[in-house]
Each structure stands twice: as C-alpha cells, then as structure tokens.
Amino acid sequence: WGPGHNDPGWSSFKTPAQYQVDLNNFGLVGLRDHSAPGTWVPCVSCLHPIFDQEFPVKHEFGVLMGKKSAQNKERQELLRDLPFSHNATDLNVMIQFIGSCETLVTDSYHAMYWGLLMGRKILVIPTTTKFLDFKYKVPITRFDSFKTDLKKAVKYDGLLEECRAINQDFATKVFDYLN
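Residues numbered from 1 in each chain as written. Predicted model: local features only at pLDDT ≥ 70, side-chain atom pairs only at ≥ 80, totals over all residues. Heavy atoms only, no water.

A look at the overall build of the protein chain
Along the protein chain, the regular secondary structure elements total six helices and six strands. Secondary structure elements of the protein chain occur, N-terminal to C-terminal, as β-β-β-α-α-β-α-β-α-β-α-α. A compact globule built from 179 residues should have a C-alpha radius of gyration of about 16 Å, and the protein chain, at 17 Å, falls within 12% of that. Overall, the C-alpha framework of the protein chain stretches about 55 × 40 × 25 Å when taken along its three principal axes. Out of the 179 residues in the protein chain, the part that is buried amounts to 45%. (Helix = DSSP H or I, 4+ residues; strand = E, 2+ residues; numbered from the N terminus. Rg over C-alpha atoms; globule rule 2.2 N^0.38 Å. Buried < 20%, exposed > 50% of the residue type's maximum accessible area, 1.4 Å probe, protein only.)

Structure (structure tokens):
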C-alpha cells in the first residue's frame, strides 16, 4: 500500500496537500507522493506482469474516465463519438484500452500511472491532489478542452523499470526492517 495525500476539491488544491499524520511515528514509510518526506515508492501495481505485454496502438487518443465521470451523462455525450472507457472495468480490459491509445486523457490516477508505465503520452484531468505530486509531471487539461491540449501530452521512457526497481528495493528494506 502506497499512501499519499488525496484532497478533493479543485478550487482548494492548487498545490499538494499536507499530511494529517506525523510520519516520524513510523519506522519505515513509503509514499506515492514524490515531494513528501520519506521514501518515494510508486504504486506496487507496476510489478504486475500485464505490463510486460506489448499493445498495438489503434487510436490517436482515447479517454479513460474515473467512476464518477463515467456516470456523468454530459461527459458521456461529449465523448460519445470518441474512443473512451472507464476505470470500473476489468483490469485486462482497462490495460488493453490504455495500450491501444497513443495518447491517453484521464481523470483516473491509476490510468495515468499505468499509461506512463506503458510509455503512452498522457494528459490528466485532476480530481484530487494525488495527481499533483507524481515524480514525473503530467500536463493538466479539462474534458471540454483536451483536444486542443493533445500536443502537450508527455511520456517518459524507462518508467516501468524505474518503478519496479524502487518497489523491489523498498521491499528489501521492509523485510530487513521486520527482521
């Protein structure tokens, strides 16, 4: 489990939130937030073998919505003629969709993370502070204007390997600490 800040409310979270717990009370802490005190440990889901697969690109861009956005009728109508999916589906289906997009636009933290692991270009529509403190910055957009921002999308090479190495190193530290 990689805890981190998660303050909702766009108007109030222009910067990462402060923690409500003193991290010094713990012997070893791994956090998903890069600027936080302690050790940056991205989500352990990077170790899943599904990310070792290759996925052919079928769409110039696609939109993967979080659960709340997927239930929004206006957004469904806005995206009706575009490749889109949501994060309340089967992991394999979601990863195949992400892999099929050259550029992914999403308001789902894990879709952002997994798209980056897969070497896809990413734009985010943040819903909480958790999007603001990933080690590698991703441009922000909105559902009603993302098409004009597609050229701003970013990708990072070698992220899957980096995240896996960090998780494996942290696991060693955890086992050493427990022993």
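Quick notes on the pattern of salt bridges
Any two side chains of opposite charge can pair, given that their charged atoms come close. Counting across every chain of the model gives nine salt bridges. Between Lys121 and Glu102 there is a salt bridge whose closest N-O contact spans 3.1 Å. Of the two residues, Lys121 is situated in strand β6 (residues 121–124) and Glu102 in strand β5 (residues 101–106); the sequence distance between them amounts to 19 residues. Bridged by salt links that share partners, the residues Glu77, Arg80 and Asp81 form one connected network. (Salt bridge = Lys/Arg side-chain N within 4 Å of Asp/Glu carboxyl O.)

Points about the sheet that holds strand β4 (residues 84–86)
Taken in spatial order, the four strands line up as β4-β3-β5-β6 in an open sheet, and their pairing is parallel. One side of each edge strand has no neighbouring strand; the edge strands of this open sheet are β4 and β6. Averaged over all pairs of adjacent strands, the angle between their axes in this sheet comes to 25 degrees, without regard to strand direction. (Pairing = 2+ DSSP bridges. Axes fitted to C-alpha atoms, helices over the stretch in contact; angles between N-to-C directions.)

Examining the packing of helix α4 (residues 109–117) against helix α6 (residues 159–178)
Between α4 and α6, the shortest axis-to-axis distance is 7 Å and the interhelical angle comes to 110 degrees. If you check the angle between α4 and α6, you find them roughly perpendicular. Every residue of α6 that contacts α4 at Tyr113, Leu116 and Leu117 is listed here: Leu159, Leu160 and Cys163. Among the residues making up the contact of α4 with α6, the classes are represented as six nonpolar, no polar and no charged. (Parallel < 35°, antiparallel > 145°, perpendicular 65-115°, else oblique. Contact = heavy atoms within 4.5 Å. Nonpolar A, V, L, I, M, F, W, Y, C, P; charged D, E, K, R; others polar.)

Looking at a nonpolar patch on the surface
A cluster of nonpolar side chains, namely Leu28, Phe175, Tyr177 and Leu178, defines an oily patch on the protein surface of about 450 Å² accessible area. Within the element layout of this structure, Leu178 appears in helix α6. Overall, Leu178 belongs to the exposed group, its relative accessible area being 62%. (Patch = residues over 30% accessible without salt bridge, like charges linked within 9 Å, V, L, I, M, F, W, Y side chains within 5 Å. Areas by Shrake-Rupley, 256 points an atom, 1.4 Å probe, with all protein chains shown as cover.)

Some thoughts on the packing of helix α3 (residues 91–99) against α4
When two helices pack together, their arrangement is captured by the angle between the axes and the distance separating the axes. Between α3 and α4, whose axes approach to 10 Å, the crossing angle comes to 55 degrees. Overall, the two elements α3 and α4 adopt an arrangement that is oblique. Considering only the axes of α3 and α4, their crossing is right-handed. From α3, Leu91, Met94, Ile95 and Ile98 reach across to α4, where they touch Ala111, Trp114 and Gly115. (Left-handed = near helix turned anticlockwise from the far one by under 90°.)

Here we look at the nonpolar core
Ranked by size, the top nonpolar core spans 29 residues in total, and within it Phe51, Ile95, Ile98, Met112, Trp114, Leu117 and Phe134 carry the most contacts. Elements with a contribution of two residues or more to this core: α3, β5, α4, β6 and α6. At seven residues, α4 tops the list of elements feeding residues into this core. The contact partners of Trp114, leaving out residues within four places of it in the chain, are Ser45, Phe51, Leu91, Met94, Ile95 and Ile98. Membership of the second largest hydrophobic core comes to 13 residues, among which are Val63, Ala70, Val105 and Ile125. (Core = buried A, V, L, I, M, F, W, Y, C linked by side-chain atoms within 4.5 Å.)

A look at the pairing of β6
Pairing geometry for β5 and β6, over four bridges, is parallel. Opposite Leu104, over in β6, you have Ile122 as the bridge partner.

Just distances and angles here, no functional claims.
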